[in-house]
Amino acid sequence: MHARTTVTTLAAAAALLTSAATATAATEPLSHPRITAHFSLAAEQQPENITVDRAGSAYLTFSFARQIVRVAPGGHPHVLATLPAPAKASTPNLGKAFVGGIARADDGTLYVTYATGTADLTGVWAVRPGGRPHRIAALPADGLPNGLALDQHTHRLYVTDSVHGVIYRLPTHGGKATVWARGEALEPSTFAGANGLKLHDGAVWATNLDKGTVLRIPVTARGAAGRIEVRATGMPSIDDFAFTGHGDTLLAARDDNQVDLVRPDGTHTAALTAADGLQTPTSVAVHDGTVYVPSAAYLTNQDPNLLVAHLTR
């Protein structure tokens, strides 16, 4: 999450568009990038987060439209659910209601985070196949729930709060959310701290947007949070990410129109840029040799879209 639309200037957007003219195209291990879906900026169809099912269908949150949508391969967005609008949104940093992270269980249930600045709606919501969205856990109204990860083995959800700089944990059946991890590495410095979130190889991984870092938090034998490790630095405005399937190598979206390949030693290089069609990319998914990157156009104000590329194994 990096939806700084309320503070973005025309000059900043112009600078991003100018950089596209000199950017390089996709680099290894990615190839053949192409835009497979274009969304409506006028309808606030700005994709914030993504998950992909076994058939290759993408499930997206449209942050400000308050929608959860499905995009079949080569298809158009099909709205699965629209979250209720608050009487008066006062979402921290954003001002308006914001649907953030998304995760999908094997039974097809979709979980999303929702921030409105109001106590009656802010929290984690679930949508079962064919059902209506309902809140399963409340979160602080003065926070900004954002990234979301599902542990299907323990039936728990993990959630980042970009304002409070913590990670919550809660059961998938609903109930009280508790702070699972906290620390300076998760806290914001100017705008937003803990952001993207994934579970990988016995640890919870997160990004910090303000600090441009990738973090790893081991899960102890008792399920508690271990010491926070900084695994990569120097990636301004990093958002969500996905592992490539090659150990700890990951692909991270940055809102300066770039997707970085981050290696296990912390080094990173651009794998996709504005030359490939990125328009403020927000997240990444990897499935069966394909990389999916939604762009929300928060800063460019042009062409929110979904890009796919081939991942060399």
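Relevant structure appears above.
Let me begin by describing the structure that accompanies this report. Because the structure is a prediction, the values reported are computed rather than measured. (Residues numbered from 1 in each chain as written. Predicted model: local features only at pLDDT ≥ 70, side-chain atom pairs only at ≥ 80, totals over all residues. Heavy atoms only, no water.)

Some thoughts on the overall build of the protein chain
Logical step 1: Tallying secondary structure elements over the protein chain gives one helix and 24 strands in all.
Logical step 2: Over its C-alpha trace the protein chain gives a radius of gyration of 18 Å, about what one expects of a compact globule, namely 20 Å for 313 residues.
Logical step 3: Across its three principal axes, the protein chain shows a C-alpha extent of roughly 50 × 40 × 40 Å.
Logical step 4: Considering the protein chain as a whole, with its 313 residues, one finds that 57% of them fall into the buried category.
Logical step 5: Surface exposure of the protein chain reaches about 12400 Å², of which carbon and sulfur atoms provide 51%.
Logical step 6: In the protein chain, the 24 positive side-chain charges and the 25 negative ones have mean positions that sit 7 Å from each other. (Helix = DSSP H or I, 4+ residues; strand = E, 2+ residues; numbered from the N terminus. Rg over C-alpha atoms; globule rule 2.2 N^0.38 Å. Buried < 20%, exposed > 50% of the residue type's maximum accessible area, 1.4 Å probe, protein only. Areas by Shrake-Rupley, 256 points an atom, 1.4 Å probe, with all protein chains shown as cover. Lys, Arg positive; Asp, Glu negative; His and termini not counted. Charge placed at Lys NZ, Arg CZ, Asp CG, Glu CD.)

Here's the deal with the packing of aromatic side chains
Aromatic rings considered in pairs are described by the distance between their centres and by the relative angle of their planes.
Logical step 1: For the coordinates displayed, the defined rule picks out seven aromatic pairs.
Logical step 2: When the ring of Tyr 114 is compared with that of Trp 125, the centres are 6.0 Å apart and the planes differ by 80°; the resulting orientation is edge-to-face. On the criterion of sequence distance, the pair formed by Tyr 114 in strand 7 (residues 110-115) and Trp 125 in strand 8 (residues 123-127) is long-range, its members being 11 residues apart. Of the two residues, Tyr 114 and Trp 125, neither departs from the other in class, the shared state being buried. (Phe/Tyr/Trp six-rings, centres within 6.5 Å; stacked < 30°, edge-to-face > 60°.)

Notes on the pairing of strand 20 (residues 258-262)
Logical step 1: The buried fraction of strand 20 amounts to five of the five residues, a majority that puts the element mostly inside the structure.
Logical step 2: Residues of strand 20 alternate between two faces, with Gln 258, Asp 260 and Val 262 on one and Val 259 and Leu 261 on the opposite face, all of them buried.
Logical step 3: As defined by bridge partners, strand 19 (residues 250-254) adjoins strand 20 across five bridges and the pair is classed as antiparallel. Bridge pairing links Ala 253 to Val 259 in strand 20.
Logical step 4: Direction of pairing for strand 20 relative to strand 21 (residues 268-273): antiparallel, over a ladder of five bridges. Paired with Val 259 across the strands is Leu 272, a residue of strand 21. (Pairing = 2+ DSSP bridges.)

Quick notes on empty space enclosed by the protein
Logical step 1: In the structure shown here, the tally under the stated rule is one cavity of 30 Å³ or more.
Logical step 2: By volume, the largest cavity is sized at about 50 Å³.
Logical step 3: Here the lining of the largest cavity is composed, by residue class, of six nonpolar, no polar and three charged. (1 Å grid on protein atoms, 1.4 Å probe; cavity = no way out; pocket = protein on both sides within 12 Å on 5 of 7 lines; lining within 4 Å. Points joined across faces, edges and corners; volume = space filled by probe spheres on them. Nonpolar A, V, L, I, M, F, W, Y, C, P; charged D, E, K, R; others polar.)

Observations concerning the layout of surface pockets
Logical step 1: In this structure, the largest pocket occupies an estimated 940 Å³ of space.
Logical step 2: Lining the largest pocket are 29 residues; nearest its centre among them are Thr 51, Val 52, Arg 104, Lys 198 and Val 286.
Logical step 3: The set of elements that each furnish at least two residues to the lining of the largest pocket consists of strand 2 (47-52), strand 6 (98-104), strand 10 (145-151), strand 14 (194-200), strand 18 (238-243) and strand 22 (285-287).
Logical step 4: For the lining of the largest pocket, the residue count by class is 15 nonpolar, seven polar and seven charged.
Logical step 5: Computed from the structure, the second largest pocket encloses a volume of approximately 180 Å³.
Logical step 6: Along the walls of the second largest pocket sit Ala 105, Asp 106, Asp 107, Thr 109, Tyr 111, Ala 126, Arg 128, Leu 150, Asp 151, Gln 152, His 155 and Thr 172, which together make up its complete lining.

Description of the nonpolar core
Logical step 1: Grouped together as the largest cluster of nonpolar side chains are 16 residues, with contacts concentrated most on Tyr 111, Val 124, Ile 136, Leu 157, Val 159 and Leu 170.
Logical step 2: Listing elements by their share of this core, those giving two or more residues are strand 8, strand 9 (134-138), strand 10, strand 11 (156-161) and strand 12 (166-171).
Logical step 3: With residues up to four places along the chain from it excluded, the contact list for Leu 157 reads Tyr 111, Val 124, Ile 136, Leu 148, Ala 149, Leu 150, Tyr 168, Arg 169, Leu 170 and Thr 172.
Logical step 4: Residues Leu 30, Leu 251, Val 291 and Leu 307 belong to the second largest nonpolar core, which totals 15 residues. (Core = buried A, V, L, I, M, F, W, Y, C linked by side-chain atoms within 4.5 Å. Contact = heavy atoms within 4.5 Å.)

Notes on the sheet that holds strand 22
The strands making up a sheet are joined through hydrogen bonds of the backbone, oriented either antiparallel or parallel.
Logical step 1: A sheet is described by the order of its strands in space; here four strands give the open sequence 1-24-23-22, paired in antiparallel fashion. A single partner strand is all that each edge strand has here, and the edge strands are strand 1 (30-38) and strand 22. Between one strand axis and the next, the sheet turns through 25° on average, direction left out of account.
Logical step 2: As defined by bridge partners, strand 23 (residues 290-295) adjoins strand 24 (residues 305-311) across six bridges and the pair is classed as antiparallel. Within strand 24, the position partnered with Ser 295 by the bridge is Asn 305. (Axes fitted to C-alpha atoms, helices over the stretch in contact; angles between N-to-C directions.)

Observations regarding the environment of Pro 77
Logical step 1: Note that Pro 77 resides in the loop between strand 4 (67-71) and strand 5 (78-82).
Logical step 2: For the pair Pro 77 and Ala 141, spaced 64 residues apart in sequence, the C-alpha separation works out to 30 Å.
Logical step 3: Beyond its immediate stretch of four places on either side in the chain, Pro 77 contacts Phe 39, Phe 62, Val 69, Arg 70 and Val 71.

Description of the environment of Val 204
Logical step 1: Structurally, the position occupied by Val 204 is in strand 15 (residues 203-208).
Logical step 2: C-alpha separation for the pair Val 204 and Ile 228, spaced 24 residues apart in sequence, amounts to 9.5 Å.

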